[in-house]
Amino acid sequence: MAKGKPNGREDRFRGGFGDCTAHAVGVCRLHHAPLALAESHELRASTIKSSMIGLESGRVRLATPSRDAQRLYAKVKPILMDRLKGRPVEHVGSTAVKDLVAKPILDIAVGIHSEADATIVAALLEDIGYRYRGFRSDAGGHVCDWREDQLTTQHVHLAIISSRQWSEYLILRDYLRCSPAARAQYASTKCRLAARFPGDRRAYTTAKADVVRRLVEAAYEQLRLDSPTTIRPRADDLYRLVG
């Protein structure tokens, strides 16, 4: 696995996975090989049944809300929870919000304890069929994905539990769930940009970053009003969310 390249203020939450010896990973994979194979087959079967999930690399296509992502997440979550020894697993991104148009890719956030812990988690995910894609600044940090028939069906984001990245995955999701106006604003932006950048997902993600930033700020403002003791983070610490 390639190491990330941290820089600037992002050092707190980003960076390389650290070193993981081939011997240690090899022993782990040998010991868990039968279980990993069974889990991989179960994940693959779950994905195939969710026929509406999946998107070509680099493409942007928004799907009408459906229960496919929720059903897939319900099947994937217990497998990941068991495999990752109880580390928190959350459904995030637009497919986690009812009645919000979204790319047909399931976004999952896995809470990790440190950058060193990311090495362990990435290896465990690779054992059951996920691909580690490295540090991707435009897609939420360290990312693994799941592909089926040349389509990406899942993105798994590894986020340190104490980081703003983890907090903002959850607060933006919950804010969009609770605010029809925020959902409408975000949906309008997404549809307009999807029409503009159907073949350039990176440009699509970059173009909607300002709207995401404003939504996160609004979510923290609401949280501050509801819980006055809550510390409000700076807007420029936002990590872009995919969706």
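Above this text is the structure in question.
The rules behind the values
Residues numbered from 1 in each chain as written. Predicted model: local features only at pLDDT ≥ 70, side-chain atom pairs only at ≥ 80, totals over all residues. Heavy atoms only, no water. Helix = DSSP H or I, 4+ residues; strand = E, 2+ residues; numbered from the N terminus. Contact = heavy atoms within 4.5 Å. Axes fitted to C-alpha atoms, helices over the stretch in contact; angles between N-to-C directions. Parallel < 35°, antiparallel > 145°, perpendicular 65-115°, else oblique. Nonpolar A, V, L, I, M, F, W, Y, C, P; charged D, E, K, R; others polar. Pairing = 2+ DSSP bridges.

Student: When you look at the side chain of T189 in this model, what are you seeing that I'm missing?
Tutor: Locating T189 in the fold gives a position in helix α5 (residues 180-196). In this structure, T189 is in contact with K208 and V211, ignoring residues within four places of it in sequence.

Student: I keep staring at unusual backbone geometry and nothing clicks. Help me out?
Tutor: Outside of glycine, negative phi angles account for most residues, and trans bonds account for most peptide bonds. Phi at K85 takes a positive value of approximately 60 degrees, unusual for a residue other than glycine. Its place among the elements puts K85 in the loop between α2 (68-83) and β1 (89-92). In this structure, D149 is a non-glycine residue whose phi angle is positive, near 55 degrees. Mapped onto the elements of the fold, D149 is located in the loop between β4 (141-148) and β5 (151-160).

Student: What am I meant to see in the packing of helix α4 (residues 164-178) against α5 here?
Tutor: Two quantities define a packed helix pair, namely the angle between the axes and the distance from one axis to the other. Contact geometry of α4 with α5 gives a least axis separation of 5 Å together with a crossing angle of 105 degrees. Here α4 is positioned roughly perpendicular relative to α5, judged by the angle of their axes. From α4, Y175, L176, R177 and C178 reach across to α5, where they touch P180, A182, R183 and Y186. Per-class residue counts for the contact of α4 with α5 are six nonpolar, no polar and two charged.

Student: For this particular structure, what's the right way to read the sheet that holds β4?
Tutor: The pairing of strands in a sheet comes from backbone hydrogen bonds and takes either a parallel or an antiparallel form. Across the sheet, which stays open at both edges, the five strands sit in the order β1-β2-β5-β4-β3 with mixed pairing between neighbours. The sheet is open, and its two edges are formed by β1 and β3 (131-136), each paired on a single side. Between one strand and the next, the sheet's axes are offset by a mean angle of 30 degrees, whatever the strand orientation. With four bridges connecting them, β1 and strand β2 (residues 106-112) associate as antiparallel partners. Paired with H91 across the two strands is I108, which belongs to β2. Sitting on the sheet, α2 is in contact with β1, β2 and β5, with an inclination near 160 degrees to β1.

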